[in-house]
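Residue-level listing of the chains:
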Amino acid sequence: MALDVKIREYHPEDLEQVLELVKELESELEKKFTDVKIKSGINDYRNRYLNPENKYKTFVALVDNKAVGYLMGYPSLGAPEVDNMYDILPISSKWTPPEFFLQIAFVSKPYRNQGISKKLHKEIIKYVKKQGHKEVYACIAKWNIPEIKVIRSLKFKLKDLGYRYRLTLKL
Ligand SMILES: CC(C)(COP(=O)(O)OP(=O)(O)OC[C@H]1O[C@@H](n2cnc3c(N)ncnc32)[C@H](O)[C@@H]1OP(=O)(O)O)[C@@H](O)C(=O)NCCC(=O)NCCS
């Protein structure tokens, strides 16, 4: 039977549940990249990425009221160094940069391959379109086949950048 999945915008009361998912993601990364130590991003999620006063926009997937996945992105200036280091915030409603960047998607292992990530992406795309952005893009490492599949299945156009792809969907 198909899972009953609800997708909605992140609320501050989801914080602890999303942080549990972040821990799962980090332990998965540690298994994938042996020979390195992944410094936890929990504090950054708490203070920066999931802080509603910052630029990040997060959607969560809920099954039985439990967060089982999330997708986070932000309006992009198109300059990766500035985008990565600073939270650029609009001070007028007229400011809508053309691009919206999809930063990270995660679905808890037992819930994978059931279309949850795809649903999260569809929801954020609807939101981005409504905000007036012209395109959504993601940069994905070539080893990340599942994420490439998800994005490709949503008809993003793929550009080869060597070790990774830039995937773009014009809105
Ligand atoms: C990438 C990830 C978010 C996908 O989540 P998911 O909910 O399992 O994906 P979906 O079920 O929505 O899959 C959508 C499409 O991708 C395909 N797909 C998903 N996982 C796949 C896999 N492991 N191998 C091949 N195809 C896969 C599905 O078949 C589906 O294709 P379709 O629409 O043509 O049927 C999940 O695997 C994950 O959290 N991975 C670890 C974290 C990560 O790498 N995040 C992204 C980089 S930051």
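The paragraphs below set out a description of the structure included in this document. (Residues numbered from 1 in each chain as written. Predicted model: local features only at pLDDT ≥ 70, side-chain atom pairs only at ≥ 80, totals over all residues. Heavy atoms only, no water.)

**Overview of the pairing of strand E3 (residues 66-76)**
Step number 1: Burial runs high along E3: 10 of the 11 residues are buried.
Step number 2: Here strand E2 (residues 57-63) folds back onto E3 in antiparallel fashion, the turn holding two residues, of which Asp64 has a positive phi close to 50°.
Step number 3: Sheet analysis places E3 next to strand E4 (residues 99-107), joined by eight bridges and oriented antiparallel. Among the inter-strand pairings, Gly69 is bridged to a residue of E4, identified as Val107. (Buried < 20%, exposed > 50% of the residue type's maximum accessible area, 1.4 Å probe, protein only. Helix = DSSP H or I, 4+ residues; strand = E, 2+ residues; numbered from the N terminus. Pairing = 2+ DSSP bridges.)

**A short note on a nonpolar patch on the surface**
Step number 1: On the surface, Phe33, Val36 and Trp143 cluster together into a nonpolar patch covering about 280 Å² of accessible area.
Step number 2: Classification of Phe33 by relative accessible area gives partly exposed; the value is 31%. (Patch = residues over 30% accessible without salt bridge, like charges linked within 9 Å, V, L, I, M, F, W, Y side chains within 5 Å. Areas by Shrake-Rupley, 256 points an atom, 1.4 Å probe, with all protein chains shown as cover. Salt bridge = Lys/Arg side-chain N within 4 Å of Asp/Glu carboxyl O.)

**Observations concerning the packing of helix H1 (residues 15-32) against helix H2 (residues 42-49)**
Step number 1: Packing of H1 against H2 brings their axes to within 10 Å, and their N-to-C directions diverge by 140°. Comparing the axis directions of H1 and H2 gives the class oblique. Crossing geometry of H1 relative to H2 is assigned as right-handed. Across the interface between the two elements, Leu15, Glu16, Leu19, Val22, Lys23, Leu25 and Glu26 of H1 pack against Ile42, Tyr45 and Arg46 of H2.
Step number 2: Residue composition of the contact of H1 with H2, grouped by class: six nonpolar, no polar and four charged. (Axes fitted to C-alpha atoms, helices over the stretch in contact; angles between N-to-C directions. Parallel < 35°, antiparallel > 145°, perpendicular 65-115°, else oblique. Left-handed = near helix turned anticlockwise from the far one by under 90°. Contact = heavy atoms within 4.5 Å. Nonpolar A, V, L, I, M, F, W, Y, C, P; charged D, E, K, R; others polar.)

**Examining the side chain of Arg48**
Step number 1: Along the chain, the position of Arg48 falls in helix H2.
Step number 2: Taking relative accessible area as the criterion, Arg48 reaches 18% and is therefore assigned buried.
Step number 3: Side chain to side chain, Arg48 and Asp87 meet in a polar contact 3.2 Å long.
Step number 4: Ignoring any residue separated from it by four or fewer positions in sequence, one finds Arg48 in contact with Asn43, Asn54, Tyr56, Asp83, Asn84, Met85, Tyr86 and Asp87. (Polar contact = N/O pair within 3.5 Å; in protein donor to acceptor, adjacent residues only side chain to side chain.)

**Description of the environment of Ala67**
Step number 1: Among the structural elements, Ala67 can be located in strand E3.
Step number 2: Spatially, the C-alpha atom of Ala67 lies 10.0 Å from that of Leu19, the residues being 48 residues apart in sequence.
Step number 3: With residues up to four places along the chain from it excluded, the contact list for Ala67 reads Gln17, Leu21, Ala61 and Leu62.

**Quick look at H2**
An α-helical turn contains 3.6 residues, so any two residues separated by three or four positions project in the same direction.
Step number 1: When we look at burial in H2, the residues that qualify are Ile42, Tyr45 and Arg48.
Step number 2: Buried residues along H2 sit against H1, E3, helix H3 (80-85) and E4.

**Quick notes on the layout of surface pockets**
Step number 1: Put simply, the largest pocket is a space of about 1400 Å³.
Step number 2: If you go around the largest pocket, you meet 46 residues; those closest to its centre are Ile104, Ala105, Ile140, Asn144 and Glu147.
Step number 3: Of all elements in the fold, only H1, E3, H3, E4, helix H4 (116-131), strand E5 (135-141), helix H5 (145-153) and strand E7 (164-170) reach the threshold of two or more residues within the lining of the largest pocket.
Step number 4: In terms of residues, the lining of the largest pocket owes the most to one element, E4, which gives eight residues.
Step number 5: Among the residues forming the lining of the largest pocket, the class breakdown is 25 nonpolar, 11 polar and 10 charged.
Step number 6: Approximately 420 Å³ is the volume found for the second largest pocket.
Step number 7: Taken together, 25 residues form the lining of the second largest pocket, with Asn54, Lys55, Tyr56, Lys57 and Tyr127 sitting closest to its centre.
Step number 8: Of all the elements in the fold, those that place two or more residues in the lining of the second largest pocket are E2 and H4.
Step number 9: Here the residues of the lining of the second largest pocket sort into 14 nonpolar, seven polar and four charged. (1 Å grid on protein atoms, 1.4 Å probe; cavity = no way out; pocket = protein on both sides within 12 Å on 5 of 7 lines; lining within 4 Å. Points joined across faces, edges and corners; volume = space filled by probe spheres on them.)

**Details of the sheet that holds E2**
Step number 1: The sheet built from seven strands is open, its strands ordered E1-E2-E3-E4-E5-E7-E6 with mixed pairing. On the outer flanks of this sheet lie strand E1 (5-9) and strand E6 (157-160), each paired with one strand and no other. Direction aside, the axes of adjacent strands within the sheet are offset by 25° on average.
Step number 2: Where H4 meets the sheet, its contacts fall on E1, E2, E3, E4, E5 and E7, and the angle it forms with E4 comes to roughly 155°.

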